[in-house]
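Here is what each chain is made of, one letter per residue.
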Amino acid sequence: MSKGEILSVPDRLSVDLERLILEGELGAGDRLPPERELASYLGVSRVSIREALRELENRGLIDRKPGRGTIVLRPGERASTALGELGIVAGLKPELRDIMELRAIVEPPIARITAARATARDLAQLRELVEAMEVDVTKERYAELDRAFHQTIAQYAHNPLLELINEQIAQQIEPSRANRYQTRARRQASSVAHRRIYEAIASGDGDAAERAAREHVLDISQQIQAAASRRTPAQTKGSGTR
């Protein structure tokens, strides 16, 4: 982590809590314990908890209101609500190839921007996601980590419009993460690509980050097409897969 340094306690806490949200351990609508309880359970000061929660609130991952407590938001939810009509994209039903084309256009430049803007705390989160995907996990778990990795890259561009666009894309490409497409070869190739993207971002190399992201999207698109072509007509008929 070339931009990195030892994280402060609040940053470390926010990274850990963000990972739980991104990976679905803390779901949208879940209520976090009060600051006092969190501080006691984690063995840290309330000041550190307060700063960590403020960071998550700034990132749009939680909503804190007096009398109601701290509520977990779906990643991208605050941006989608704030930006209103752009959320209509979620109602579209494009073909999977359309979505992959959009990813190839949108994601590489986002990776370039993130390489210039990611903080040490951001890089710590990305690194942990990459490392989690490099161990043997279930297909379902890998799909969750994969989605979280791409979401965080968009979030760490620190541009709510880019985060929203990526979130809408993420909702549309869920069919591409179905078990039938999650071959071991694909997961291994994705992990290598994710590591390459992360290292480029961590080193602040925008050119390399953009190139690695583009190669990854194109490779995944080809693998999905190949997997789909191997399905029998009976499997394809009425499957609803895009």
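Each value, and the rule that gives it
- The residue count restarts for each chain, going from 1 along the sequence in the order it is written.
- Since the coordinates come from a predicted model, pLDDT governs what is reported: local features require at least 70, and pairs of side-chain atoms require 80 or more to be given and counted, while whole-chain, interface and lining totals use all residues.
- Heavy atoms throughout the structure, all of them, feed into the side-chain values; hydrogens and water do not.
- Per the convention used, a helix needs a DSSP run of H or I reaching at least four residues, while a strand needs a run of E reaching at least two, with both numbered from the N terminus.
- A simple rule labels every residue: compare its accessible area, found with a 1.4 Å probe on the protein chains alone, to the largest value its type can have, and call it buried under 20%, exposed over 50%, or partly exposed in between.
- Residue contacts are defined here by distance: any two heavy atoms, one from each residue, within 4.5 Å place the two residues in contact.
- Where accessible areas are quoted, they stem from the Shrake-Rupley method and a 1.4 Å probe; at the residue level, only the protein chains shown are allowed to cover.
- The criterion for strand pairing is that DSSP finds at least two bridges linking the strands in question.
- Think of a salt bridge as a Lys or Arg side-chain nitrogen and an Asp or Glu carboxyl oxygen that are within 4 Å of each other.
- Grouping buried Ala, Val, Leu, Ile, Met, Phe, Trp, Tyr and Cys residues that are joined through side-chain atoms within 4.5 Å yields what is termed a nonpolar core.
- Lines fitted to C-alpha atoms define the axes here, with helix axes fitted over just the stretch in contact, and angles between the N-to-C directions of these axes take values from 0 to 180 degrees.
- Comment on the angle field: the value is read as roughly parallel under 35 degrees, roughly antiparallel over 145, roughly perpendicular from 65 to 115, and oblique elsewhere.
- In this scheme, a crossing is called left-handed if the near helix is turned counterclockwise away from the far one by less than a right angle; it is called right-handed if the turn is clockwise.
- Residues are grouped as follows: nonpolar covers Ala, Val, Leu, Ile, Met, Phe, Trp, Tyr, Cys and Pro; charged covers Asp, Glu, Lys and Arg; every other residue, Gly included, is treated as polar.

Draft legend 1. Representation of the overall build of the chain. Tallying secondary structure elements over the chain gives 11 helices and three strands in all. Starting at the N terminus and walking to the C terminus, you meet the elements of the chain as α-β-α-α-β-β-α-α-α-α-α-α-α-α. The 242 residues of the chain split such that 46% are buried. Here the analysis covers contacts within the chain between residues at least 6 apart in sequence; of these, 77% occur between residues at least 24 apart. For the chain, the accessible area works out to roughly 11,900 Å², and carbon and sulfur atoms hold 53% of it.

Draft legend 2. Layout of the pairing of strand S2 (residues 62-65). Here S2 runs beside strand S3 (residues 69-72); their pairing, made up of four bridges, is antiparallel. Within S3, the residue paired with Ile 62 across the bridge is Val 72.

Draft legend 3. Here's a closer look at the pattern of salt bridges. For the coordinates displayed, the defined rule picks out 19 salt bridges. Arg 64 is the partner of Glu 35 in a salt bridge, and the nearest nitrogen-oxygen pair spans 2.7 Å. Taken together, the residues span a long stretch of sequence, with Glu 35 in helix H2 (residues 35-42) and Arg 64 in strand S2 at a distance of 29 residues. Put simply, Asp 207 and Arg 112 hold a salt bridge, and the shortest N to O gap is 2.5 Å. Of this pair, Asp 207 sits in helix H10 (residues 206-229) while Arg 112 is found in helix H5 (residues 96-117), placing the two residues 95 residues apart along the sequence. With a relative accessible area of 44%, Asp 207 lands in the partly exposed category.

Draft legend 4. Structural detail: the environment of Gly 204. One can find Gly 204 in the loop between helix H9 (184-202) and H10. Residues Gly 204 and Ala 115, 89 residues apart in the sequence, show an inter-C-alpha distance of 4.6 Å.

Draft legend 5. The nonpolar core, seen in detail. Counting 32 residues, the largest nonpolar core has Ile 110, Leu 126, Phe 149, Ile 153, Ile 197, Ile 201 and Ala 209 as its most contacted members. At six residues, the largest contribution of residues to this core is made by helix H7 (residues 139-155). Setting aside chain neighbours within four positions, we find Ile 153 in contact with Ile 110, Ala 111, Thr 114, Leu 126, Ile 197 and Ile 201. By size, the runner-up hydrophobic cluster in this structure holds 13 residues, among which are Leu 53, Leu 56, Leu 61 and Ile 62.

Draft legend 6. Structural detail: the packing of helix H1 (residues 9-22) against helix H3 (residues 46-58). Closest axis-to-axis distance for the H1/H3 pair is 8 Å, and the angle between their directions is 50°. Judged by the angle between their axes, H1 and H3 are oblique. The handedness of the crossing between H1 and H3 comes out as right-handed. Facing Val 9, Pro 10, Leu 13, Ser 14, Leu 17 and Glu 18 of H1, the residues of H3 in contact are Ser 48, Ile 49, Glu 51, Ala 52, Leu 53, Glu 55 and Leu 56. Looking at the contact of H1 with H3, its residues break down into eight nonpolar, two polar and three charged.

Draft legend 7. Layout of the sheet that holds S3. Ordered in space as S1-S3-S2, the three strands form an open sheet in which the pairing is antiparallel. Because the sheet does not close on itself, it has two edges, and the strands there are strand S1 (31-32) and S2.

Draft legend 8. How the structure looks around unusual backbone geometry. Of note, the phi angle at His 158 is positive, near 55°, even though the residue is not glycine. Of note, His 158 is situated in the loop between H7 and helix H8 (160-172).

All quantities given are derived from atomic positions and should not be read as evidence of function.
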